[in-house]
Amino acid sequence: MTFADLSTELIEKLPDLKGRLTANTLLSDITWFRVGGPAQLLFRPADEADLAYFLKNLPEDVPVTVIGLGSNLLVRDGGIAGIVIRLGRGFGEITIEEGNRLRAGAAVPDVKVSRAAADAGIAGLAFYRGIPGGIGGALAMNGGAHGRETCEVLVEARAVDRAGNIHILSVDEMNYSYRHCGVPAGTIFTQALFQGEAGERTRILAQMEEIAEYREQAQPIKSCTGGSTFKNPPGYSAWKLIDAAGCRGLAVGGARVSEKHCNFLINEGQATGADLEKLGETVRARVKDTSGIVLEWEIRRLGVAANGKYPKGES
Ligand SMILES: Cc1cc2nc3c(=O)[nH]c(=O)nc-3n(C[C@H](O)[C@H](O)[C@H](O)COP(=O)(O)OP(=O)(O)OC[C@H]3O[C@@H](n4cnc5c(N)ncnc54)[C@H](O)[C@@H]3O)c2cc1C
């Protein structure tokens, strides 16, 4: 499926735009699952001011979706209508500040934050070694692992709203809960300020090594996957419920429930977005039948199906 090219019309409205606009860019090249149709128009802003300028001048009725490194996304086969924003180099800086603080642009991979913190002798951010996304995604998902979450180390985030206004949001204003951030829809994070504590570089690096080794043996990190598919329901582990429902190894088309960690879905090579979503829904139905518990998707599903339509109840 291809969308109408919005770029010419927009470029006329935005004479001072510095970032890049590309029509019908395939998102399967960006997402970890390696599935997904095109973005109608992909915008890569040059910097925060460019992003604000773009949003200020973009007609209100054009839908905007922001994506990070695509490690928590299932993009449907028909792609995403409207504008898809992906932050790049202009949001890639890390600076160390006094008092064991670290500031990182939203496009910085989490792993780089953990390394920079270790090098600066800042403890408390090593858990980011295990999360393959970027800081924008970590802010939006309240990314966490190994007993720590973003909400515990964040001081404040910078963001641009849909109207192009810049905000500084304290951690309290992020309204965080488990894998959820409660800021208004359309908020695009551009930067985060983290608080760590004084630590010893070699110790922090050893902790990060342990995290990497654990991931290697416990999760299919070398496969095309989106990480944990479902949130852990209060008091339960999603993977245990999935296992008990007999779903380990279950397949739909080219998509399979990982044998190694059954809360992970895998694209075995030829899966479509529809295969993965159908597999996820089959797992949810079987878990509900066996345990009565309704699993909630942690992975964000975006866009339209191959026929150009949204699933029932979405628009
Ligand atoms: C192998 C594997 C292991 C994983 N392990 C973990 C884990 O241990 N813990 C964990 O929490 N997650 C884990 N994940 C999931 C994923 O890495 C995290 O959710 C991550 O924070 C997503 O970041 P991203 O940059 O890839 O965001 P994307 O997947 O691109 O986007 C995720 C969501 O964040 C939003 N978003 C992205 N950037 C911005 C921005 N700048 N402003 C506003 N919203 C934005 C998107 O709109 C989307 O809703 C894992 C994934 C994989 C593939």
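Residues numbered from 1 in each chain as written. Predicted model: local features only at pLDDT ≥ 70, side-chain atom pairs only at ≥ 80, totals over all residues. Heavy atoms only, no water.

**Looking at the packing of helix 3 (residues 110-119) against helix 6 (residues 201-218)**
Stage number 1. The interhelical angle for the contact between helix 3 and helix 6, taken along N-to-C directions, is 155°, at an axis separation of 8 Å. Relative to helix 6, helix 3 is oriented roughly antiparallel. Within the contact between the two elements, helix 3 uses Ser-114, Arg-115, Ala-118 and Asp-119 and helix 6 uses Arg-201, Ile-204, Leu-205 and Met-208.
Stage number 2. Its residues placed into classes, the contact of helix 3 with helix 6 shows four nonpolar, one polar and three charged. (Axes fitted to C-alpha atoms, helices over the stretch in contact; angles between N-to-C directions. Helix = DSSP H or I, 4+ residues; strand = E, 2+ residues; numbered from the N terminus. Parallel < 35°, antiparallel > 145°, perpendicular 65-115°, else oblique. Contact = heavy atoms within 4.5 Å. Nonpolar A, V, L, I, M, F, W, Y, C, P; charged D, E, K, R; others polar.)

**A closer look at helix 8 (residues 273-291)**
Stage number 1. Between the first and last C-alpha of helix 8 there are 27 Å, a value that for 19 residues agrees with the 27 Å anticipated at 1.5 Å per step.
Stage number 2. Taken together, the buried positions of helix 8 are Gly-273, Asp-275, Leu-276, Glu-277, Leu-279, Gly-280, Val-283 and Val-287.
Stage number 3. On its buried face, helix 8 sits against strand 4 (73-75), helix 7 (238-244), strand 16 (251-252), strand 17 (255-257), strand 18 (264-267) and strand 19 (300-302).
Stage number 4. The positive-phi residue at the C-terminal boundary of helix 8 is Gly-292, with phi of around 80°. (Expected span 1.5 Å × (residues − 1). Buried < 20%, exposed > 50% of the residue type's maximum accessible area, 1.4 Å probe, protein only.)

**So, the site of the ligand**
Stage number 1. The full set close to the ligand counts 34 residues, and Val-66, Gly-68, Ser-71, Asn-72 and Gly-144 are the nearest of them.
Stage number 2. Arg-300 has a polar side-chain atom sitting 3.0 Å from an oxygen atom of the ligand.
Stage number 3. With the chains in place, 95% of the 970 Å² that the ligand exposes on its own is no longer accessible.
Stage number 4. Secondary-structure elements contributing two or more residues to the shell around the ligand are strand 3 (64-67), helix 4 (135-141), strand 9 (144-145), strand 13 (188-195) and strand 15 (224-228).
Stage number 5. When residues of the shell around the ligand are assigned to their parent elements, the largest contribution, five residues, is made by helix 4.
Stage number 6. Considered class by class, the residues forming the shell around the ligand number 16 nonpolar, 15 polar and three charged. (Near = heavy atom within 4 Å. Polar contact = N/O pair within 3.5 Å; in protein donor to acceptor, adjacent residues only side chain to side chain. Areas by Shrake-Rupley, 256 points an atom, 1.4 Å probe, with all protein chains shown as cover.)

**A word on the side chain of Thr-190**
Stage number 1. Position of Thr-190 relative to the elements: it lies in strand 13.
Stage number 2. Here Glu-48 takes part through its side chain, which lies 2.7 Å from a polar atom of the side chain of Thr-190.
Stage number 3. With near-sequence residues (within four places) excluded, Thr-190 lies in contact with Glu-48, Leu-51, Leu-87, Phe-91, Gly-105, Ala-106, Arg-158, Ala-159 and Val-160.

**Some points on the environment of Thr-225**
Stage number 1. On the secondary structure map, Thr-225 appears in strand 15.
Stage number 2. Residues Thr-225 and Gly-182, 43 residues apart in the sequence, show an inter-C-alpha distance of 26 Å.
Stage number 3. Ignoring sequence-local partners within four residues, the contact set of Thr-225 consists of Trp-32, Phe-33, Pro-220, Phe-264, Leu-265 and Ile-266.
Stage number 4. Here Gly-227 takes part through its backbone nitrogen, which lies 3.2 Å from a polar atom of the side chain of Thr-225.
Stage number 5. There is a polar contact of 2.9 Å between the side chain of Thr-225 and the backbone oxygen of Leu-265.

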